[in-house]
Amino acid sequence: MRDMDGAIPPEFDGGHVGIEELENKYAALSEAIDSAMAYHRMIFDADGTPCDYVFLEVNEAFEEFTGLKGADIIGRQVTEVIPGIRDADPDLISFYGEVTLSGVPKSMEFYFSPLERWYEARAFRPRKDHFTVLFTNVTERYEARRKIEVYARELERSNRDLEQFAYSASHDLQEPLRMITSFLNLLQQHLGGSLDDKGTEYLAYAADGARRLKAMINDLLLFSRVGIEGRPLEPLALDAAVTQAMGVLSERIAEYGASVVVAPDLPKVLGDEGQLVQLLQNLLGNALKFQRPGVAPEIHVSASREGEEWVITVADNGIGIDPRYFGRIFEVFQRLHGRRVYDGSGIGLAICRRIVERHAGRIWVESEEGQGAMFRFTLLPLDSRRGE
Amino acid sequence: MSVTCVPIEILLVEDNPGDVILTREALRSGKISNNLQVVEDGEQAMAYLRREGPYADAPRPDVILLDLNLPRKDGREVLGEVKSDHDLKHIPVVVLTTSQSEADVMETYGLHANCYLVKPVEYGPFLEVIRSFESFWLSVVRLPPNNHK
């Protein structure tokens, strides 16, 4: 707080006794903190541009951090103390200069190779033409952040690899499958008349197995395409996607006498329209499929804003889902009911989850057996700062 | 005498033995009398068409059924060679393949294939494709004059 000559600057001189106390507290604090601290006076050239600065005060942590001794540098200019500084770090002086001129505190991160650590330098102006810098060791925080970034990239690449694999495998599997299916057909034609009941039954099971295999391979292809053929997210009107999905299902909606009520205030969101239509089609289709016997399906589609996301809900009055299975149903090829009761290979919800994840969202279900189900998922609003 | 009394000569270029059987079966059970010759790769196909080596007495085909994915010389190369050969380019080449990729369709027509057919997975639809091929290419369409020599 004192200036170079040891005098107390007029703006602080409110009474000697109080000043001493403050100075002691300040000195104690300055030595106690782990962060390196240095207080400087800025030097300006003829145009008023910051070009150098004088060390006025440093703490012990600073001495350790830089290897410079306070006694050696106090009162001297940085260009004297560290002669190569303008070349080594050309932006440093202007960074501090900006803070000194504007009075607005600023931070920056840099890597200090001698100590192999990451530091955050926080500069602020406690007094006109002066600036203080606090250096904090942020290596841990920085490494954690980098680890997350690395993991995220690895995960993304692994997902893409898996998708490519699923895509290629599905393609390659189609040819042998074609052989199985075609020759079973031919066999049935060829032997048809001369087969006994058992023979006919055996062939039928084989043919059915092949048909289900074909459906699963198609589903795997659909699933892997979500990532591979996904398009960048763009603003779109959710109600248009709902209308399209309902159009595809219109015959079944009419057939079951189902009522689908869509809230009038569905928002605009960020999305891939084709995929959102697919998502809604799957959810509405399920709501229609898993109806309570004798009860016409009633489906409600609505949206509500929760913070940074839109939460979309597709609610039905069908058979509901046992909470034990809430997690499982979103996995690939998971089915809760026998094939004779409800058809389908069990990939619809896995595809829904993949689509929602691609949209930076989450999907979940709330339900009780016999009480219908609410499928809910989140989408990004137009003003989102996230998104792909 | 009507030309249709003479069986139509078809050359099938196909490496998958299962597909050979399926195609042969489908063509045999059709209405139009035909002789099916089969070669299993692109090299043999060109040798057959040029009547080289063991194929010296081979009849000239009226139409070629060509798979794209063949070992050694593949179907695209065969197509290119046939359609640039003065003696062979008039023979209709019907591509019959599993690939549904737009790139393949484009490239194939670009090489002057006469048409592109995709093999369905199930036998019923496959049979229908072959029937369509027959009723169009072997019945409705007027093929180039050919004394098969």
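Just so it is clear, the model here is predicted, and its values are computed rather than measured. (Residues numbered from 1 in each chain as written. Chains lettered and ligands numbered in written order. Predicted model: local features only at pLDDT ≥ 70, side-chain atom pairs only at ≥ 80, totals over all residues. Heavy atoms only, no water.)

## With respect to the overall build of chain B
Right, so step 1: When its secondary structure is counted, chain B shows five helices and five strands.
Right, so step 2: In sequence order, the secondary structure elements of chain B are arranged as β-α-β-α-β-α-β-α-β-α.
Right, so step 3: A buried classification covers 50% of the 149 residues belonging to chain B.
Right, so step 4: Sequence separation of at least 24 residues holds for 68% of the intrachain contacts in chain B that already meet a minimum separation of 6. (Helix = DSSP H or I, 4+ residues; strand = E, 2+ residues; numbered from the N terminus. Buried < 20%, exposed > 50% of the residue type's maximum accessible area, 1.4 Å probe, protein only. Contact = heavy atoms within 4.5 Å.)

## Examining empty space enclosed by the protein
Residues and elements named next belong to chain B.
Right, so step 1: What the rule picks out here adds up to one cavity of 30 Å³ or more.
Right, so step 2: Taken as a whole, the largest cavity encloses approximately 40 Å³ of empty space.
Right, so step 3: Residue lining of the largest cavity: P61, D62, H90, I91, P92, P144, P145 and N146, and that is the complete set.
Right, so step 4: Residues belonging to the lining of the largest cavity are distributed by class as follows: five nonpolar, two polar and one charged. (1 Å grid on protein atoms, 1.4 Å probe; cavity = no way out; pocket = protein on both sides within 12 Å on 5 of 7 lines; lining within 4 Å. Points joined across faces, edges and corners; volume = space filled by probe spheres on them. Nonpolar A, V, L, I, M, F, W, Y, C, P; charged D, E, K, R; others polar.)

## Some words on the sheet that holds strand β3 (residues 106–112) of chain A
Residue and element names in this part refer to chain A.
Right, so step 1: Strand order in the open sheet formed by five strands is β2-β1-β5-β4-β3, and the pairing between neighbours is antiparallel. The strands lining the two open edges of the sheet, one partner per strand, are β2 (50–58) and β3. Averaged over neighbouring strand pairs, the angle between their axes works out to 30° when direction is ignored.
Right, so step 2: Two strands pair when backbone bridges link them, and strand β1 (residues 36–44) and strand β5 (residues 130–137) are joined in this way by six bridges, in the antiparallel orientation. Bridging from a neighbouring strand, H40 pairs with F131 of β5.
Right, so step 3: Taken strand by strand, helix α6 (residues 92–102) contacts β1, β2, β3, β4 (117–124) and β5, and its axis lies near 80° from that of β2.
Right, so step 4: Contacts between helix α7 (residues 139–191) and the sheet are confined to β3, β4 and β5, with β4 contributing the most and set at about 115° to the helix. (Pairing = 2+ DSSP bridges. Axes fitted to C-alpha atoms, helices over the stretch in contact; angles between N-to-C directions.)

## Some remarks on the packing of helix α1 (residues 17–28) of chain B against helix α5 (residues 123–140) of chain B
Residue and element names in this part refer to chain B.
Right, so step 1: Two numbers describe how α1 lies on α5: the axes approach to 9 Å, and their chain directions differ by 55°. Here α1 is positioned oblique relative to α5, judged by the angle of their axes. You can see that α1 and α5 cross each other, and the crossing is right-handed. Along the contact surface, α1 presents L22, T23, E25, A26 and L27, while α5 presents Y123, F126, L127, I130, R131, F133 and E134.
Right, so step 2: Residue composition of the contact of α1 with α5, grouped by class: eight nonpolar, one polar and three charged. (Parallel < 35°, antiparallel > 145°, perpendicular 65-115°, else oblique. Left-handed = near helix turned anticlockwise from the far one by under 90°.)

## Some points on the pairing of β1 of chain A
All names here are of chain A.
Right, so step 1: Pairing analysis gives seven bridges linking β1 to β2, with the strands arranged antiparallel. By the bridge assignment, F44 is partnered in β2 with P50.
Right, so step 2: The antiparallel hairpin formed by β1 and β2 contains five residues in its connecting segment, where G48 sits at a positive phi of about 85°.

## Quick word on the interface of chain A and chain B
Right, so step 1: Counting from both sides, the interface comprises 11 residues of chain A and, opposite them, 13 residues of chain B.
Right, so step 2: Buried area between chain A and chain B, summed over both chains or domains, comes out near 1,100 Å², and the portion from carbon and sulfur atoms is 66%.
Right, so step 3: Ranking the residues of chain A by area buried against chain B places R178, F183 and L186 of chain A at the top, with a combined share of 46%.
Right, so step 4: Scanning the region where chain A abuts chain B turns up one salt bridge.
Right, so step 5: Residues R178 of chain A and D19 of chain B are paired through a salt bridge, measuring 2.7 Å at the closest nitrogen-oxygen approach.
Right, so step 6: Across the chain A-chain B interface, the total number found is three residue pairs in polar contact (both at pLDDT 80 or more).
Right, so step 7: Among the elements that make up the side of chain A that touches chain B, the one with the highest residue count is α7 of chain A (10 residues).
Right, so step 8: A per-class count over the side of chain A that touches chain B returns three nonpolar, five polar and three charged. (Buried area = accessible area lost by both parts, 1.4 Å probe. Salt bridge = Lys/Arg side-chain N within 4 Å of Asp/Glu carboxyl O. Polar contact = N/O pair within 3.5 Å; in protein donor to acceptor, adjacent residues only side chain to side chain.)

## Here we look at the pattern of salt bridges
Right, so step 1: Under the defined criterion, the tally for this structure stands at 32 salt bridges over all chains.
Right, so step 2: The residue R141 of chain A makes a salt bridge to E109 of chain A at a minimum N-O spacing of 3.2 Å. Here E109 of chain A lies in strand β3 and R141 of chain A lies in helix α7, a separation of 32 residues in the sequence.
Right, so step 3: With a relative accessible area of 29%, E109 of chain A lands in the partly exposed category.
Right, so step 4: Among the ionic pairs, R362 of chain A bridges to E309 of chain A, the shortest N-O distance being 3.1 Å. Of this pair, R362 of chain A sits in the loop between α12 (348–358) and β11 (363–367) while E309 of chain A is found in strand β10 (residues 309–316), placing the two residues 53 residues apart along the sequence.
Right, so step 5: Judged by relative accessible area, which is 15%, E309 of chain A ranks as buried.
Right, so step 6: A single network of salt bridges, built from pairs that share partners, joins E175 and R178 of chain A together with E14, D19, D67 and K119 of chain B.

## Structural notes on the packing of aromatic side chains
Residue and element names in this part refer to chain A.
Right, so step 1: Using the criterion set out here, one finds 17 aromatic pairs over all chains in the structure.
Right, so step 2: Between Y53 and F55 the ring centres are 5.8 Å apart and the planes differ by 70°, which places this aromatic pair in the edge-to-face class. Judged on exposure class, the residue Y53 and its partner F55 are both buried.
Right, so step 3: Here the aromatic cluster, defined as three or more aromatic residues joined through ring pairs, consists of Y53, F55, F62, F65, F95, Y96, F110, Y119, F131 and F135. (Phe/Tyr/Trp six-rings, centres within 6.5 Å; stacked < 30°, edge-to-face > 60°.)

## Remarks on helix α3 (residues 75–84) of chain B
All names here are of chain B.
Right, so step 1: Every buried residue of α3 is accounted for by G75, R76, V78, L79, V82 and K83. For α3, the angular spread of buried residues about the axis comes to 160°, placing them on one side.
Right, so step 2: Against the buried residues of α3 lie α2 (42–49), β3 (63–66), β4 (93–97) and α4 (102–110). (Arc of directions from axis to C-beta.)

## Let's talk about the side chain of S99 of chain B
All names here are of chain B.
Right, so step 1: Mapped onto the secondary structure, S99 falls in the loop between β4 and α4.
Right, so step 2: Looking at S99, its side chain comes within polar contact range of the side chain of D104, at 2.6 Å.
Right, so step 3: Leaving out residues up to four positions away in the same chain, S99 has contacts with D104, Y116 and V118.

## A few points about the layout of surface pockets
All names here are of chain A.
Right, so step 1: Empty space within the largest pocket amounts to approximately 850 Å³.
Right, so step 2: Residue lining of the largest pocket: 35 residues in total, with N286, K289, F290, G348 and L349 positioned closest to the centre.
Right, so step 3: The set of elements that each furnish at least two residues to the lining of the largest pocket consists of α8 (197–228), α11 (273–289), β10, α12 and β12 (373–381).
Right, so step 4: For the lining of the largest pocket, the leading source of residues is α11, giving eight residues.
Right, so step 5: Among the residues forming the lining of the largest pocket, the class breakdown is 16 nonpolar, 13 polar and six charged.

## Focus on the packing of helix α9 (residues 238–248) of chain A against α11 of chain A
Any two packed helices are characterised by how steeply their axes cross, that is the angle between the axes, and by the distance between the axes.
Residues and elements named next belong to chain A.
Right, so step 1: Where α9 contacts α11, the axes come no closer than 8 Å and their chain directions differ by 55°. One way to sum up the angle between α9 and α11 is to call them oblique. Once α9 is placed against α11, the crossing between them reads as right-handed. On α11, the residues touching L238, A240, A241, V242, Q244, A245, M246 and V248 of α9 are E273, L276, V277, L280, Q281 and L284.
Right, so step 2: Partitioning the contact of α9 with α11 into residue classes produces 11 nonpolar, two polar and one charged.

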